[in-house]
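# A closer look at the structure
Residues per chain are reported as follows:
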Amino acid sequence: MCVAYLTQPQAIDYGTVSQLLNSLCARYPFFSAVPIGCSVLGRSVYGLTFGKGEERVLMAAAFHGQEWLTALICLRLCEEIGEALRTGLPLSGWNLRRALRDRQIVWVPLVNPDGVEIAVHGSETAGDYAESVRRSGGDVHGQWQANARGVDINHNFNAGWNELQQAEREKGIIGPCARQWGGPYPMSEPETEALVNLCNSVPFRHVVALHSQGEEIYWHYGEHTPPASRLMASVMAAVSGYTVAAPSGLAAHGGFKDWFIETHRKPGFTVELGKGTNPLPVTAFDSIYQKARDLLIVALLI
Ligand SMILES: [Zn+2]
């Protein structure tokens, strides 16, 4: 790219992401950003859309507060794709004007804006929930995954709910906490609802959820997993060196990709970006992005 990146390695939060979305839409007018819903604390959950094709793909990031680097990676991807579309130059060998002609892409870079604010700036950002967030470990570095009500968004989707509840009880998780509480009932949280409503109104051919960390790709959930999913995951793995894997324990139910596969019977993927301890440091941004870039592009084109 000959222009300076808008998405620089930096600690991000709701304000930064909102600004970046505005800047991306200003620089690349074929992008549009619209709220697809609201967080518990009333922050917008934005979707950035490109294209009018009938093959639709959703990529979403930052389900978990401490995984805010995934939002930045998602936005850098948007930016590089925007630049490739603007110039007509290839990106990773792909002519994206041609490759994306039949596609519509929706990125939701910040699924859990309140959780990211808590993870980055502490419990005092949680408004009416500040005290309960503080008591639940909201100020312990590297702990906060949940939303402002202490519900883990990626355990709040309606997939394997009874098994998930059982597993939570066995681990002593029975109420609001920093991570892994699925909430009082499935889809109790507005952030979950935002994605569910989006997927129920836009017929996505597949969805990709970005998490960190582990350099792994999850593709399977239950008997309705489409046969093509394994091959698609294998291709993403082949271009990146990531590993195709299956989650276990509490991560085995209630996730976005689980719900999407079970409800819509189309491929859904979780990509665990990077390797290390969450929150992955900003200094690791470039190396994580470079290693994952072809995977992320292929995930939109496949
Ligand atoms: Zn995660």
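### As for the overall build of the protein
Scanning the protein from N- to C-terminus turns up 10 helices and eight strands. A compact globule built from 302 residues would reach a C-alpha radius of gyration of about 19 Å, and the protein, at 18 Å, matches this within 12%. Referenced to the eigenvectors of the C-alpha coordinate spread, the extents of the protein come out at roughly 55 × 40 × 35 Å. Relative to its 302 residues, the protein shows a buried fraction of 58%. Summed over its atoms, the accessible surface of the protein is roughly 12,000 Å², and 49% of this surface lies on carbon and sulfur atoms. Averaging the positions of the 24 positive and the 29 negative side-chain charges in the protein gives two centres separated by 7 Å.

### Details of the packing of aromatic side chains
Taken as a whole and judged by the stated rule, the model has 13 aromatic pairs. With a centroid separation of 6.1 Å and 35° between ring planes, the pair formed by phenylalanine 157 and tryptophan 259 is classed as tilted. Within this pair, whereas phenylalanine 157 is found in the loop between α5 (130–135) and α6 (161–170), its partner tryptophan 259 is found in helix α9 (residues 256–264), the two being separated by 102 residues in sequence. Tryptophan 259 carries the same exposure label as phenylalanine 157, and that label is buried. Through pairs of rings, three or more aromatic residues link up here, namely Tyr28, Phe30, Phe31, Phe50 and Trp107. One Lys or Arg, arginine 76, reaches over the ring of tyrosine 5 and ends 3.6 Å from the middle of that ring. One Lys or Arg, arginine 76, reaches over the ring of tyrosine 289 and ends 5.8 Å from the middle of that ring.

### Topic: the pairing of strand β1 (residues 31–38)
Across seven bridges, β1 lies against strand β2 (residues 44–50) in antiparallel orientation. Note on β2: the bridge partner recorded for valine 34 is glycine 47.

### Some thoughts on the coordination of the zinc ion
Around the zinc ion, the donor atoms from the protein are His64 (ND1), Glu67 (OE), Glu67 (OE) and His211 (ND1), and they sit 2.0 to 2.4 Å away. Of note is the zinc ion, whose four donor atoms meet at the metal with angles of 56 to 149° in an arrangement that counts as irregular. Looking at histidine 64, the relative accessible area reads 6%, which means it is buried. Under the relative-accessibility criterion, histidine 211 is labelled buried at 2%.

### Remarks on a nonpolar patch on the surface
On the surface, Leu231, Val235 and Val239 cluster together to form a nonpolar patch covering roughly 240 Å² of accessible area. The topology assignment puts valine 235 in helix α8 (residues 228–238). Under the relative-accessibility criterion, valine 235 is labelled partly exposed at 31%.

### Quick word on the packing of helix α7 (residues 190–201) against α9
Packing of α7 against α9 brings their axes to within 12 Å, and their N-to-C directions diverge by 30°. Between α7 and α9, the angle falls in the class roughly parallel. Handedness of the crossing formed by α7 with α9: right-handed. Every residue of α9 that contacts α7 at Leu195, Val196, Cys199 and Asn200 is listed here: Phe256, Trp259, Phe260 and His264. Classifying every residue of the contact of α7 with α9 by side-chain character gives six nonpolar, two polar and no charged.

### What to know about the layout of surface pockets
Here the largest pocket is characterised by a volume of approximately 450 Å³. Lining the largest pocket are 25 residues, with His64, Glu67, His211, Ala251 and Glu272 sitting closest to its centre. Elements supplying a minimum of two residues to the lining of the largest pocket: β6 (216–218), α9 and β8 (268–272). In terms of residue count, α9 provides more of the lining of the largest pocket than any other element does, three residues in total.

### With respect to unusual backbone geometry
Of note, the bond from serine 212 into glutamine 213 is cis; its omega dihedral lies within 30 degrees of zero at 10°. With omega at -5°, the peptide bond leading from asparagine 278 into proline 279 counts as cis. The residue proline 279 is located in the loop between β8 and α10 (285–301) in this model. Of note in the backbone geometry, serine 92 takes a positive phi value of approximately 50° without being a glycine. Locating serine 92 in the fold gives a position in the loop between α2 (69–87) and α3 (96–99). The residue methionine 187 is not glycine, and still its phi comes out positive at about 60°. One can find methionine 187 in the loop between α6 and α7.

What counts and what doesn't
Residues numbered from 1 in each chain as written. Predicted model: local features only at pLDDT ≥ 70, side-chain atom pairs only at ≥ 80, totals over all residues. Heavy atoms only, no water. Helix = DSSP H or I, 4+ residues; strand = E, 2+ residues; numbered from the N terminus. Rg over C-alpha atoms; globule rule 2.2 N^0.38 Å. Buried < 20%, exposed > 50% of the residue type's maximum accessible area, 1.4 Å probe, protein only. Areas by Shrake-Rupley, 256 points an atom, 1.4 Å probe, with all protein chains shown as cover. Lys, Arg positive; Asp, Glu negative; His and termini not counted. Charge placed at Lys NZ, Arg CZ, Asp CG, Glu CD. Phe/Tyr/Trp six-rings, centres within 6.5 Å; stacked < 30°, edge-to-face > 60°. Lys NZ or Arg CZ within 6 Å of the ring centre and 35° of its normal. Pairing = 2+ DSSP bridges. Donors = N, O, S within 2.8 Å, 3.2 Å for Na, K, Ca; no water. Tetrahedral: all angles 85-135°; square planar, octahedral: opposite > 155°, others 65-115°. Patch = residues over 30% accessible without salt bridge, like charges linked within 9 Å, V, L, I, M, F, W, Y side chains within 5 Å. Salt bridge = Lys/Arg side-chain N within 4 Å of Asp/Glu carboxyl O. Axes fitted to C-alpha atoms, helices over the stretch in contact; angles between N-to-C directions. Parallel < 35°, antiparallel > 145°, perpendicular 65-115°, else oblique. Left-handed = near helix turned anticlockwise from the far one by under 90°. Contact = heavy atoms within 4.5 Å. Nonpolar A, V, L, I, M, F, W, Y, C, P; charged D, E, K, R; others polar. 1 Å grid on protein atoms, 1.4 Å probe; cavity = no way out; pocket = protein on both sides within 12 Å on 5 of 7 lines; lining within 4 Å. Points joined across faces, edges and corners; volume = space filled by probe spheres on them.

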